[in-house]
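One-letter residues, chain by chain:
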Amino acid sequence: MEKKKEAKRNLVEKNKLRQLPSVDNLLREEQMQAFLKEHSRTMVTDVVREVLNQLRWEWQQEALGEQEAGEKEGTGFQERDLIVSQIIVRVEKHLKHRQQLNLKPVINATGVILHTNLGRALLGKNALKALHQVATHYSNLELDLATGKRGSRYAHLEELLSLLTGAEASLVVNNNAAAVLLALNTLARDREVIVSRGQLVEIGGSFRIPEVMSQSGAYLREVGTTNKTYPHDYRQAINEKTALLLRVHTSNYRIIGFTQETTLEELVSLGQEKGLPVMEDLGSGQLLDLHKWGLPVEPLVPDSIRVGVDIVTFSGDKLLGGPQAGLIVGKKKYIEPMKKNPLNRALRIDKLTLAALEATLKEYLNQERVIKTIPTLRMLTTSGADLRKKADSLATKLTAVGMEGLEVSVKSGFSTVGGGSMPGTEIPTWLVTLKTSQISAATLAERLRHQSWPVLVRIGEEQIILDVRTVEETEFDVLVEGIKSSL
Ligand SMILES: *Cc1c(COP(=O)(O)O)cnc(C)c1O
């Protein structure tokens, strides 16, 4: 059998494949010349070779298939022009594909505001403007304009962060995981860090407190139990090797029932008594109390500083609503050595992030307006009435297109915060649901994901669920178009 196939393959090679034009010949075609005006010669040549190989392979498979099915040999003659035009169509498609970006925008109709897989927080207009400016012009990134001497990239945020959090010093790194790593490495390398067993958090993407601790070179000293840790548990664990008392905000889970957490005040007072710094990893790190908007009370960064925590770390792209970053705020005597730590050079924030972060933080100076200017806060606080209007408007658009067999309805439901923030919190929202008679909800969801502007949805009760909370009105047309071409 294998021998027969081999013989067949040889025959195909000899006859049909001989009809394939050479790369050089193809490149002389008028259409190819047009491609060469837009793309480099190397790329076009490369793509032509790829297409020729592909055709060769397909023809061989075809010939083998025909033989197995007992059909007559597939070595028939095809007009050269036909083959060439077939190749050109494919080359054009491949060239287009190579030009397309892999990382691209998607429509998030899941209602999960800080969707980790979909890039967490969106930037506001001013953040984008700042990012664009700094990206397209030189900047004073590490230049002190007052003296003309070398400056620090961290200086740009220091005053602003002091104002917003009450802390005397700050440092910003690549993300919060890096912030925790840098802080532990600087303050507790080769020494012990005391943490409650109820706070040994794992965050998505392999951030786990025990592992970050060992990476940092510090030793984890667990105290208490999963549900109860008292101040005396910390006190008993303190010894000459202790470097730090760490509290981790259980940002993505809750321990409820028979529980006891040592309060921040108790920890701070123990730290002061023993001359040990207290650090808090806040995770999300909110700057604005969202209680007014019916959202759960989350610890605020300024509250921790006020209580006397020495170092607080938090993310830039969770509830803060900025770019990916890790913020470290607190006492100067602990933060200065972090800036000088060689590890910081590897974790440092880049200028684009810095620009977007400064502009995002500036929005917080206007506490009345900030819930409108920062997309994450806007989505979290959109009123039920506005969401209803949005859902109605989307449903109207969908109905107006008149897609056969598509049932569109509007109903109430819930959005979630995501990003390991505010676990278990469900925010009332309005949904547009789609039901089709021709295809299943799962098939429709899959097709929506394959659109050139992919659409991500929820599925429930055999229906597609679109949560308008995380969809901008300006995206409605793309969304409707995506649904139309998916049916
Ligand atoms: C999210 C989170 C982190 C990690 O932050 P990144 O910015 O994703 O690196 C660390 N600690 C806690 C408590 C978190 O919630």
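None of the values given here were measured: they were computed from a predicted structure.

(A) Region of the structure containing the environment of T262. With respect to the helices, strands and loops of the structure, T262 is situated in the loop between β9 (242–248) and α11 (264–274). Those residues in contact with T262, other than ones at most four positions away along the chain, are T229, Y230, P231, Y234, R247 and L267. Within the structure, T262 has its side chain in polar contact with the backbone oxygen of T229 (distance 2.8 Å).

(B) Representation of helix α15 (residues 351–363) in the model. Compared with an ideal rise of 1.5 Å per residue, which puts 13 residues at 18 Å, α15 spans 19 Å between its outermost C-alpha atoms and is within 8% of the ideal. Those residues of α15 that sit buried are T353, L354, A355, A356, L357, A359, T360, L361 and E363. Two or three places before L352, at the opening of α15, D350 has a side-chain oxygen 3.1 Å from that residue's backbone nitrogen.

(C) Focus on the domain arrangement of the chain. Here the domain parsing of the chain yields domain 1 (2–99), domain 2 (107–114 + 379–486) and domain 3 (125–372). Computed over C-alpha atoms only, the centres of domain 2 and domain 3 are separated by 35 Å. Every contact between the two is made by eleven residues of domain 2 and, on the other side, 15 residues of domain 3. Summed over both sides, the interface of domain 2 with domain 3 buries roughly 1,100 Å², with 71% coming from carbon and sulfur. Area buried by domain 2 at its contact with domain 3 is led by T381, M422 and P423, which between them contribute 52% of it.

(D) Focus on the packing of aromatic side chains. This model, assessed by the stated rule, comprises zero aromatic pairs. Positioned above the aromatic ring of F258, the side-chain terminus of K228 is 3.5 Å from the ring centre. Its end group placed over the ring of W430, R388 keeps NZ or CZ at 4.3 Å from the ring centre.

(E) Structural context of the pattern of salt bridges. Taken as a whole, this structure holds 27 salt bridges when the rule is applied. Across the pair E298 and R254 runs a salt bridge whose closest N-O atoms are separated by 3.3 Å. With a gap of 44 residues between them, E298 in the loop between β10 (278–283) and α12 (301–307) and R254 in the loop between β9 and α11 connect regions that are remote in the sequence. Here the residues in one salt-bridge network are D46, E50 and R98, joined through shared partners.

(F) Highlighting the sheet that holds strand β4 (residues 169–173). Taken in spatial order, the seven strands make up an open sheet running β4-β12-β11-β10-β9-β5-β8, and their pairing is mixed. Bordering the open sheet on either side are β4 and β8 (219–223), each of which pairs with just one other strand. Each adjacent strand pair in this sheet contributes to an overall mean axis angle of 25°, direction not counted. As paired strands, β10 and strand β11 (residues 311–315) are joined by four bridges and run parallel to one another. Bridging across to β11, M279 finds its partner in I311. Running over the sheet, helix α7 (residues 155–165) touches β4 and β12 (326–330) and is turned about 115° from β4.

(G) Region of the structure containing the packing of helix α8 (residues 176–188) against helix α9 (residues 209–216). In contact at an axis separation of 8 Å, α8 and α9 are set at 50° when each is read in the N-to-C sense. Between α8 and α9, the angle is such that the two are oblique. Classified by chirality, the crossing of α9 by α8 is right-handed. On α9, the residues that touch V180, L181, L184 and N185 of α8 are V212, M213, Q215 and S216.

(H) Fine view of the sheet that holds strand β17 (residues 463–467). On the basis of which strands lie adjacent, the open sheet formed by four strands has the order β13-β14-β17-β16 and antiparallel pairing. Each edge of the open sheet is held by one strand with a lone partner, namely β13 (406–416) and β16 (458–460). Each strand axis lies, on average, 35° off the axis of its neighbour in the sheet, ignoring direction. As paired elements, strand β14 (residues 426–436) and β17 share four bridges and run antiparallel to each other. Bridge pairing in β17 links L431 to D467. Docked against the sheet, helix α19 (residues 441–449) engages β14, β16 and β17, running at close to 45° with respect to β17.

Conventions and cut-offs
Residues numbered from 1 in each chain as written. Predicted model: local features only at pLDDT ≥ 70, side-chain atom pairs only at ≥ 80, totals over all residues. Heavy atoms only, no water. Helix = DSSP H or I, 4+ residues; strand = E, 2+ residues; numbered from the N terminus. Contact = heavy atoms within 4.5 Å. Polar contact = N/O pair within 3.5 Å; in protein donor to acceptor, adjacent residues only side chain to side chain. Expected span 1.5 Å × (residues − 1). Buried < 20%, exposed > 50% of the residue type's maximum accessible area, 1.4 Å probe, protein only. Domains from an automatic or database assignment. Buried area = accessible area lost by both parts, 1.4 Å probe. Phe/Tyr/Trp six-rings, centres within 6.5 Å; stacked < 30°, edge-to-face > 60°. Lys NZ or Arg CZ within 6 Å of the ring centre and 35° of its normal. Salt bridge = Lys/Arg side-chain N within 4 Å of Asp/Glu carboxyl O. Pairing = 2+ DSSP bridges. Axes fitted to C-alpha atoms, helices over the stretch in contact; angles between N-to-C directions. Parallel < 35°, antiparallel > 145°, perpendicular 65-115°, else oblique. Left-handed = near helix turned anticlockwise from the far one by under 90°.

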